[in-house]
Amino acid sequence: MDLKCIFGLVIIVSRISLSFTLNVNVVIQGSTPIAETDDNFVCATLDWWPTEKCNYNQCPWGKAGLLNLDLKKKVLINAIKAFNSLRIKVGGSLQDQVVYGVGEVKNCPNFMKKEGSLFGFSQGCRPMERWDKLNNFFNQTGVKVTFGLNALLGRNVSQNEKGPWVGDWNSKNTRDFMKYTISRGYKVDSYEFGNQLSGAGMGTRVEAEQYGKGVIVLKNMVKDLHPDPKTQPKVLGPSGFYDEKWFNAFLEVSGQGVVDGVTHHIYNLGPGDDLNLITKIQDPSYLNQVAQTYRGVFNIVNKFKPQSGAWVSESGGALHGSAKDVSPTFADGFWYFDQLGMASTYNHKVFCRQTLISGNYALLNTITFIPNPDYYGAVLWHRLMGSIVLAVTQVSNPNLRVYAHCAKKKPGVSISFINLSKDSSFDVTLSSYEHHRRNLRSTDAAKPNFEFTSYMNREEYHLTALGGDIQGQIVLLNDVPMVSTDTFDIPAMDPKLVKASTPISVAAHSIVYVTIRDFHAPVCV
């Protein structure tokens, strides 16, 4: 055997030796929930950015902003319909520069690049004709709408360098917009006040006390225009990065019964041009760091008890349009689905992905409108994972992330497994905490049987990257490539039925959803 053959054999043997399967036991507690999400927990945003918006020497927004998005694209319509009621948050960085073309507003220009202005763009206007078209689109696709309002109208730039914007909020244009919306019978589920104005802000900021006064004005306006509590839109804020002192001050000023939901943003992967992004996204210790933010918001919500709890109203992973070589690829799912799981365990009601379309972090390709890999996992989460969140214990390996909910369609439990490891597969056996406790009380303490025994076939959905290339853009569901049909329909996402007595197999670098109809979880009955 020549040297080249020996060298090749060594490589093959070393690869085989590096790939191995670990046995893992996962314990699920099904007697009491640890948290509860909204039925429309999965959410996506539509942003205002025009085509001219650029970062990192690239301009990834295309013609997919709110003012120029082609609302007649069949693949776009079908992609939203597949959720069977997707929450869409309308907003983004430029929302505090948007004037609504109604009432006293007669001139309605587009955003223009303007050096020295906030985010480098002039004030822009949204014509009511465009609002009409958007609402026709929302009605056609069954969307639940959260709308981000301009919270800087009437305020002025501080005289101090990098100081906050000062002055009272001018609510006149917003009132005219809401009256128009009501007159047309358009449904808005919730209004969010401003964008990234909390704490140090992003581009600019408003002091917590001043912001809180504006929210009170907004709440009174909403109550005045929507006197029936059953149809009254929720009021949300502050839609920015969590700052404990600022959030406390804002909620103290606004008081009880004003803010329905506390919203914040998550961009825990840092800037989109970080060359280490692909490593961060697979590092469990790095992903765990954001838990302190979720915990902080969870605690402040428990303190002030807003009706609708905590929301992540914008999260794109990496900042400024995100990373073109990571965000639209299979690898991004390691971050995204872990965030859905983590946010739900900290009692967050909604998680809005930045964006549905436009930017590198979009669920749909900005040019072709074809779904990116994360889209399919998002649809599966929405369809399978119910609102009741269950406690999960798994101490075997940090690369295996596990989240469990009551199944959206009862009975049963749905579980999300995320395998961050490129080398290790996992064979998972499940235990019911209730069985666990009952067996601990058994007189046969020498051989307690903690393992849950299922008798019905499981429903499994295995998401993997085509050819194992996690930075590729083709995802396989149960080994079938997910590609739109010639008629732009979203492909079927059917489970494979697996014999109940076998362990759950979670391949290296895969994302797996499993629904078990006869799992013993009293709270899910």
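Thresholds applied
- Residues numbered from 1 in each chain as written.
- Predicted model: local features only at pLDDT ≥ 70, side-chain atom pairs only at ≥ 80, totals over all residues.
- Heavy atoms only, no water.
- UniProt positions renumbered as here; feature names shortened; annotations may be inferred.
- Domains from an automatic or database assignment.
- Contact = heavy atoms within 4.5 Å.
- Buried area = accessible area lost by both parts, 1.4 Å probe.
- Salt bridge = Lys/Arg side-chain N within 4 Å of Asp/Glu carboxyl O.
- Pairing = 2+ DSSP bridges.
- Helix = DSSP H or I, 4+ residues; strand = E, 2+ residues; numbered from the N terminus.
- Axes fitted to C-alpha atoms, helices over the stretch in contact; angles between N-to-C directions.
- Expected span 1.5 Å × (residues − 1).
- Buried < 20%, exposed > 50% of the residue type's maximum accessible area, 1.4 Å probe, protein only.
- Polar contact = N/O pair within 3.5 Å; in protein donor to acceptor, adjacent residues only side chain to side chain.
- Patch = residues over 30% accessible without salt bridge, like charges linked within 9 Å, V, L, I, M, F, W, Y side chains within 5 Å.
- Areas by Shrake-Rupley, 256 points an atom, 1.4 Å probe, with all protein chains shown as cover.
- Core = buried A, V, L, I, M, F, W, Y, C linked by side-chain atoms within 4.5 Å.
- Parallel < 35°, antiparallel > 145°, perpendicular 65-115°, else oblique.
- Left-handed = near helix turned anticlockwise from the far one by under 90°.
- Nonpolar A, V, L, I, M, F, W, Y, C, P; charged D, E, K, R; others polar.

As recorded in an unreviewed UniProt entry, the chain goes by Heparanase-like protein 2 and comes from Gossypium tomentosum. The heading Function (unreviewed entry) in the UniProt record of the chain holds the text "Endoglycosidase which is a cell surface and extracellular matrix-degrading enzyme. Cleaves heparan sulfate proteoglycans (HSPGs) into heparan sulfate side chains and core proteoglycans."

J.: How would you explain the domain arrangement of the chain if you had to name every residue and give the values?
T.: The domains assigned to the chain are domain 1 (20-34 + 392-437 + 445-516) and domain 2 (36-387). Centre-to-centre, using C-alpha coordinates, domain 1 lies 31 Å away from domain 2. With 39 residues of domain 1 at the contact, the number on the domain 2 side is 43 residues. The contact between domain 1 and domain 2 buries some 3,600 Å² in all, and 66% of this surface belongs to carbon and sulfur atoms. Viewed at the interface, domain 2 and domain 1 are joined by one salt bridge. For the salt bridge of Asp338 with Arg401, the shortest nitrogen-to-oxygen distance reads 2.9 Å.

J.: Now, about the sheet that holds strand S9 (residues 234-240): what can you tell me, with residues and values included?
T.: Hydrogen bonds between backbone atoms are what pair the strands of a sheet, whose relative direction is either parallel or antiparallel. Read around the barrel, eight strands follow the order S3-S4-S7-S8-S9-S10-S12-S14 and close on themselves; strand pairing throughout is parallel. The average angle at which neighbouring strand axes cross in this sheet is 25°, direction not considered. In the sheet, strand S10 (residues 261-266) pairs with strand S12 (residues 310-315) via five bridges, with the strands oriented parallel. Counted as the bridge partner of Val262 is Ala310 from S12. The strands touched by helix H10 (residues 332-345) within the sheet are strand S3 (42-46), S10, S12 and strand S14 (348-353), with S14 carrying the most contacts at an inclination of about 160°.

J.: Give a description of helix H4 (residues 172-183) that names residues and reports values.
T.: Between its first and last C-alpha, H4 extends 17 Å over 12 residues, near the 16 Å set by a 1.5 Å rise per residue. Every buried residue of H4 is accounted for by Asn173, Thr174, Asp176, Phe177, Met178, Tyr180 and Thr181. Packing partners of the buried residues in H4 comprise strand S5 (98-101), strand S6 (124-127), helix H3 (128-141), strand S7 (144-149), strand S8 (190-193) and helix H5 (208-225). Of the residues flanking the end of H4, it is Gly185, one or two places downstream, whose phi is positive at about 75°.

J.: Describe the side chain of Gln196, and please don't skip the residues or the numbers.
T.: Positionally, Gln196 belongs in the loop between S8 and H5. In this structure Gln196 comes out as buried when scored by relative accessible area, which is 4%. A polar side-chain atom of Gln196 sits 2.8 Å from a polar atom in the side chain of His265.

J.: Hey, could you go over a nonpolar patch on the surface for me, with residue numbers and the actual values?
T.: Residues Leu466, Ile474 and Val483 make up a contiguous nonpolar surface patch of roughly 230 Å² in combined accessible area. Its location among the elements puts Ile474 in the loop between strand S19 (458-465) and strand S20 (475-477). For Ile474, a relative accessible area of 31% gives the class partly exposed.

J.: Which residues make up the nonpolar core, and what are the values?
T.: Counting 128 residues, the largest nonpolar core has Trp131, Phe147, Tyr375 and Tyr513 as the members making the most contacts within it. In this structure, this core is formed jointly by two domains, domain 1 (20-34 + 392-437 + 445-516) and domain 2 (36-387), each of which donates at least three residues. The residues contacting Tyr375, other than those within four sequence positions of it, are Asn78, Ala79, Ala82, Phe83, Leu363, Leu364 and Ile490. Among the nonpolar cores identified, the runner-up in size contains 24 residues, and Val24, Ile415, Val514 and Cys524 belong to it.

J.: Please set out the environment of Asn365 residue by residue, giving values where relevant.
T.: Residue position: Asn365 is located in the loop between S14 and helix H11 (373-384). Placed 37 residues apart in sequence, Asn365 and Pro328 show a C-alpha to C-alpha distance of 7.9 Å. In this structure Asn365 touches Ile357, Ile370 and Asn372, once residues within four positions along its chain are discounted. Here Ile367 takes part through its backbone nitrogen, which lies 2.8 Å from a polar atom of the side chain of Asn365.

J.: I'd love a proper account of the pattern of salt bridges, names of residues and values included.
T.: According to the stated counting rule, one finds 16 salt bridges in the structure shown. Residue Arg353 pairs with Asp332 through a salt bridge whose shortest N-O separation is 3.1 Å. Of this pair, Arg353 sits in strand S14 while Asp332 sits in helix H10; the two residues are 21 residues apart in sequence, bridging distant segments of the chain. The pair Arg353 / Asp332 is uniform in exposure class, with both members buried. Across the pair Glu459 and Arg517 runs a salt bridge, and its minimum N-O distance is 3.0 Å. Taken together, the positions of Glu459 in strand S19 and Arg517 in the segment after strand S24 (511-516) put the pair 58 residues apart, joining distant regions of the chain. Relative accessible area serves as the criterion here: at 16%, Glu459 is assigned to the buried category.

J.: With reference to specific residues and values, describe H3.
T.: Residues three or four positions apart in an α-helix share a direction because the helix packs 3.6 residues into each turn. In a regular helix each residue adds 1.5 Å, so 14 residues correspond to 20 Å; H3 covers 20 Å between its end C-alpha atoms and thus fits that length. Those residues of H3 lying buried are Met128, Arg130, Trp131, Asp132, Leu134, Asn135, Phe137, Phe138 and Thr141. With its phi angle positive at about 75°, Gly142 sits one or two positions after the end of H3.

J.: Just give me the short version of the packing of H10 against H11, but keep the residues and values in it.
T.: In the contact formed by H10 and H11, the axes pass within 9 Å of each other and the chain directions differ by 25°. One way to sum up the angle between H10 and H11 is to call them roughly parallel. For the crossing formed where H10 meets H11, the hand is right-handed. In this structure, H10 uses Asp332, Gly333, Tyr336, Phe337, Leu340, Gly341 and Ser344 to contact H11, whose residues at the interface are Asp374, Gly377, Ala378 and Trp381. Here the contact of H10 with H11 is composed, by residue class, of five nonpolar, four polar and two charged.

J.: For the pairing of S3, give the residues involved together with the corresponding values.
T.: Summarising burial for S3: five of the five residues are buried, a large majority. Residues Val42, Ala44 and Leu46 of S3 are buried on one face, and the alternating residues Cys43 and Thr45, pointing to the opposite face, are buried as well. In terms of strand pairing, S3 meets S14 through three bridges, oriented parallel. Counterpart to Cys43 in the pairing with S14 is Cys352. Both S3 and strand S4 (residues 87-90) contribute to a ladder of four bridges, which runs parallel. From the neighbouring strand, Leu46 faces S4, where its bridge partner is Val90.

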